[in-house]
Amino acid sequence: TKNNLDGPHPQESTDSGAMTFSAAIEALDSSRADLEAVRSELDAVYREYEIAVERSNRMAFELEMLDIELNRIFNTSPDAMWVVDEQFVVQRVNQAFLSMLSKPREAVIGQGCSSLLNTSLCGADACPMKRLKKGEKRVECDIEVSLAGEPPIPFILTASPFEGVGGELVGIIASLKDITERKQAEAALRKANCMLQRMAMMDGLTQVANRRFFDEHLVREWKRMRREEKPLALVMCDIDFFKHYND
C-alpha cells in the first residue's frame, strides 16, 4: 500500500510517455513543414537570383557590345570625334582626333576641351554643350581652329547629346569635319559671281556702266530721294561721233 501511494501508477506512466511521444511527433511534423516552407522560399529566392544574374550578364554583354561598336565607329570615322562630359572634360577620342591634335591619347583624355581646342564657341552661349542642355537635339555650325600655330582651318562641328542609362544628359558627342575644300570652292564661287555681276553691269568695250546698271541705279536713287524727301537731278549727255569709236 505504501509503495502504491508513494510511486506512479504503471498505467499512468504509460499514458504520460505516449502523450510525450505523440507531442514530439507533432512537433517534428510541424518543424518539417516549416523547413519545407523555408526551402520553398529559398528555392524561389534562388530562382529570382538566377534570373537577376542572367539579366545582369545579358546587360553587361550588351553594354560590352555597344562599347565595341562605339569604338569601331570612332576608329573607322575619317572625321575627328570626341566625347565630352558635363564638366567639359574629354572622356573619349578617336584616332582621327589624335592625329589632328598630334597628341597621344593619354595627353588628351581627362583634359578640358577648351585647353585642346580653344574656339570662339568656348564659354559663349553658342557652346554646343549649353545649347544641348537647353533642349536642342542637334547642333551644327562652322568654326575655325588654329592648330600648332598654323593658319585657322575651317571645320563643320556637329554635336549630339550623350545620354546616360536613365536617359539623362551626361555629355556630348561631337565631330569635326575639315571643310577647307568647301570653303575654297565657296570663295571661288563668290569671286566668279562678282565677276559675272560686273560683266553684266559694264560695257565690254569701254568698261563704262551700261544701260542695265543705269536703270537699277536710277530706281535705287529714286526710292532713296523719295524716302529722304529730296530732289533728284539727272544729267544726260551725248558723245559726238561715238559710232566711229564703237566700230
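Analysis parameters
Residues numbered from 1 in each chain as written. Predicted model: local features only at pLDDT ≥ 70, side-chain atom pairs only at ≥ 80, totals over all residues. Heavy atoms only, no water. Helix = DSSP H or I, 4+ residues; strand = E, 2+ residues; numbered from the N terminus. Contact = heavy atoms within 4.5 Å. Areas by Shrake-Rupley, 256 points an atom, 1.4 Å probe, with all protein chains shown as cover. Salt bridge = Lys/Arg side-chain N within 4 Å of Asp/Glu carboxyl O. Buried < 20%, exposed > 50% of the residue type's maximum accessible area, 1.4 Å probe, protein only. Expected span 1.5 Å × (residues − 1). Polar contact = N/O pair within 3.5 Å; in protein donor to acceptor, adjacent residues only side chain to side chain. Core = buried A, V, L, I, M, F, W, Y, C linked by side-chain atoms within 4.5 Å. Pairing = 2+ DSSP bridges. Axes fitted to C-alpha atoms, helices over the stretch in contact; angles between N-to-C directions.

**Student:** Requested: an account of the overall build of the chain, with residues and values cited.
**Tutor:** Across its full length, the chain holds eight helices and five strands. N-terminal to C-terminal, the α/β element order of the chain is α-α-β-β-α-α-α-β-β-β-α-α-α. Residue pairs at least 24 apart in sequence account for 34% of intrachain contacts in the chain once pairs closer than 6 positions are excluded. Carbon together with sulfur atoms contributes 56% to the accessible area of the chain, which is approximately 19000 Å² in total.

**Student:** Quick one: what's the story with the pattern of salt bridges, residue by residue and with numbers?
**Tutor:** What the rule picks out here adds up to 13 salt bridges. A salt bridge links arginine 212 to glutamate 216; the nearest nitrogen and oxygen atoms lie 3.6 Å apart. You can see arginine 212 and its partner glutamate 216 sitting in helix 7 (residues 211-228), four residues apart, about one turn around the helix. Note on arginine 212: relative accessible area 47%, which makes it partly exposed. The class for glutamate 216 is partly exposed, based on a relative accessible area of 37%. Linking glutamate 228 and arginine 224 is a salt bridge whose minimum nitrogen-to-oxygen distance equals 3.7 Å.

**Student:** Residue-level account of helix 7, with values.
**Tutor:** The terminal C-alpha atoms of helix 7 lie 25 Å apart, and with 18 residues this matches the ideal 26 Å at 1.5 Å per residue to within 8%. With a side-chain oxygen lying 3.3 Å from the backbone nitrogen of arginine 212, the N-terminal cap of helix 7 falls on asparagine 210. Within two residues after helix 7, glutamate 229 carries a phi angle of roughly 55°, on the positive side.

**Student:** Give me the nonpolar core: which residues, what numbers.
**Tutor:** By size, the foremost hydrophobic cluster in this structure holds 28 residues, and its most contacted members are Trp82, Phe97, Met100, Leu117 and Leu176. Of all the secondary structure elements, the ones that give two or more residues to this core are strand 1 (80-85), strand 2 (90-93), helix 3 (95-101), helix 4 (113-116), helix 5 (128-133), strand 3 (139-145), strand 4 (153-163) and strand 5 (169-178). In this view, tryptophan 82 contacts Phe74, Val90, Arg92, Val93, Phe97, Cys113, Leu116, Leu117, Ile172, Ile173 and Ala174; residues no more than four positions away in its chain are not counted.

**Student:** I'd love a proper account of the sheet that holds strand 5, names of residues and values included.
**Tutor:** Within a sheet, neighbouring strands are paired by backbone hydrogen bonds and run either parallel or antiparallel to one another. Taken together, the five strands give an open sheet; going across it, the order is 2-1-5-4-3, and neighbouring strands pair in antiparallel fashion. Each edge of the open sheet carries a strand with a single partner, namely strand 2 and strand 3. Neighbour-to-neighbour, the strand axes of the sheet open up by a mean angle of 25°, direction not taken into account. With nine bridges connecting them, strand 4 and strand 5 associate as antiparallel partners. Counted as the bridge partner of serine 160 is isoleucine 173 from strand 5.

**Student:** How would you sum up the pairing of strand 5? Please name residues and give values.
**Tutor:** As defined by bridge partners, strand 1 adjoins strand 5 across six bridges and the pair is classed as antiparallel. Counterpart to aspartate 85 in the pairing with strand 5 is glycine 171. Here strand 4 hands over to strand 5 after five residues, with glycine 167 in that stretch at a positive phi of 85°.

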